[in-house]
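Residues per chain, in single letters:
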Amino acid sequence: MDFALTEEQQAIFDMARDFGQTRIAPHARQWEADGTIPRDLWPDVAELGLGGIFVSEDHGGAGLTRLDGTLVFEALSMACPSVASFLSIHNMCGGMIDRFGTDEARARWLPDLCAMTRIFSYCLTEPGSGSDAAALRTRAERDSQGWRLSGTKAFISGGGYSDVYITMVRTGGDGPKGISTVLVEDGTPGLSFGGLEDKMGWRAQPTAQVQFDDCVVPAGNLLGEEGRGFSYAMAGLDGGRLNIAAAALGGAQAALDATLSYMGERRAFGQPLDQFQALQFRLAEMETALQSSRIFLRQAAWKLDQKAPDASKFCAMAKLHVTDRAFEVANQCLQLHGGYGYLADYGIEKIVRDLRVHQILEGTNEIMRLIISRAMLAERG
């Protein structure tokens, strides 16, 4: 058992970290204020091979593993969790197309996705179905032109910004087996968007409802097989949960690094903060929380790469554990900064706001507990 990264994996981490610090971190506060990410960032990301991390090299992707992906998103999130997480969603879409699409679909969609000349969003959640995703009501009816969509998706990262929307729709009866996946291109008649959501965190990435009003998409825009969309969506979320956990870990690590420096500079009662034993104990607890989270996350990613039968359970456990610990660490870092932690100039309050949603999306942490416990009961049987 070897816990060390390979030279190639260390190089991947270093590349993503350095890019984030030079190309993203200096602009993170401004992009948050603007409420959007400049589109000229994406060609630079694609040049590094990060537009199609999980896409095979045959279709222009990097062909990296899920473990490699956690390194990328942890490193990028040390610059800005919001930007890194937006990129993770685009890559989740790429992984779904590469895994479940036909050869024709891969040739059609993946080159632009990997080059990031087109940005992809993932549309599952609806106003009336969040955790109960299989209850989605957005309908796709067959007609002579293909599929006619009606319904609304909610909380969509990239709503009104992205170029293609991978959308889970109901093509059959109630329940998971009645769900299929279609790709809807921006500009399709009947496709519209709600107003931008005013969010607590992740403010750099635009979020809006995606609305379908007799929106007709060609029959060829169906991903994979009809009736398999829910299984595709859930498979995508296994990797998505790892990415979101990695992004939380990177944000928390950045907060801890900043706090360690601050405590060596800030003085109180005649000595630096880092000389108070009680505060040293807090540092020790936070370091332990992040290091244990990192090991757990990488084990879960390894299991997904190996297609282990318990991979989904481990992805859920990692998402639950890492995002909870990461938010706790970031919040504690704010506390250790005192009043300065509450100021935007120090960057800690942004990390706290950004990381809070990681406990909610890609399946709430309550749903993670449900997945884990159901798997345990099934294993017992």
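Notes on the structure in this doc start here. Computed from a predicted structure; not experimentally measured. (Residues numbered from 1 in each chain as written. Predicted model: local features only at pLDDT ≥ 70, side-chain atom pairs only at ≥ 80, totals over all residues. Heavy atoms only, no water.)

Re helix H10 (residues 348–356)
Here H10 lies mainly inside the structure; 8 of its 9 residues are buried. Residues of H10 that are buried include every one of Ile-348, Glu-349, Lys-350, Ile-351, Val-352, Arg-353, Asp-354 and Leu-355, and no others. Where H10 is buried, its residues touch helix H2 (28–34), helix H5 (81–100), helix H7 (229–265) and helix H9 (311–336). (Buried < 20%, exposed > 50% of the residue type's maximum accessible area, 1.4 Å probe, protein only. Helix = DSSP H or I, 4+ residues; strand = E, 2+ residues; numbered from the N terminus. Contact = heavy atoms within 4.5 Å.)

Some words on the packing of helix H1 (residues 7–24) against helix H4 (residues 66–77)
Following both chains from N to C, one finds H1 and H4 inclined at 25°, their axes separated by 8 Å at the closest point. Between H1 and H4, the angle falls in the class roughly parallel. Crossing geometry of H1 relative to H4 is assigned as right-handed. Across from Gln-9, Ile-12, Phe-13, Ala-16, Arg-17, Phe-19, Gly-20 and Ile-24 in H1, the residues of H4 making contact are Leu-67, Asp-68, Leu-71, Val-72, Glu-74, Ala-75 and Leu-76. Of the residues contributing to the contact of H1 with H4, the split by class is 10 nonpolar, 2 polar and 3 charged. (Axes fitted to C-alpha atoms, helices over the stretch in contact; angles between N-to-C directions. Parallel < 35°, antiparallel > 145°, perpendicular 65-115°, else oblique. Left-handed = near helix turned anticlockwise from the far one by under 90°. Nonpolar A, V, L, I, M, F, W, Y, C, P; charged D, E, K, R; others polar.)

Brief notes about the nonpolar core
Considering soluble globular proteins, one finds that nonpolar side chains tend to be buried as a cluster. Core analysis: the largest hydrophobic core is formed by 76 residues, its most contacted members being Ile-24, Ile-37, Leu-41, Trp-42 and Leu-76. For this core, the leading source of residues is H9, giving 15 residues. Apart from the residues within four sequence positions on either side, Ile-37 is in contact with Trp-31, Trp-42, Val-83, Phe-86, Tyr-161, Ala-204 and Gln-205. (Core = buried A, V, L, I, M, F, W, Y, C linked by side-chain atoms within 4.5 Å.)

A short note on unusual backbone geometry
A positive phi angle, close to 55°, is found at Lys-307, a residue other than glycine. Secondary-structure assignment places Lys-307 in the loop between helix H8 (277–305) and H9. Classification of Lys-307 as exposed rests on a relative accessible area of 72%. Residue Glu-362 is not a glycine yet carries a positive backbone phi of 55°. Relative to the helices and strands, Glu-362 resides in the loop between H10 and helix H11 (365–380). Glu-362 sits in the buried class, given a relative accessible area of 12%.

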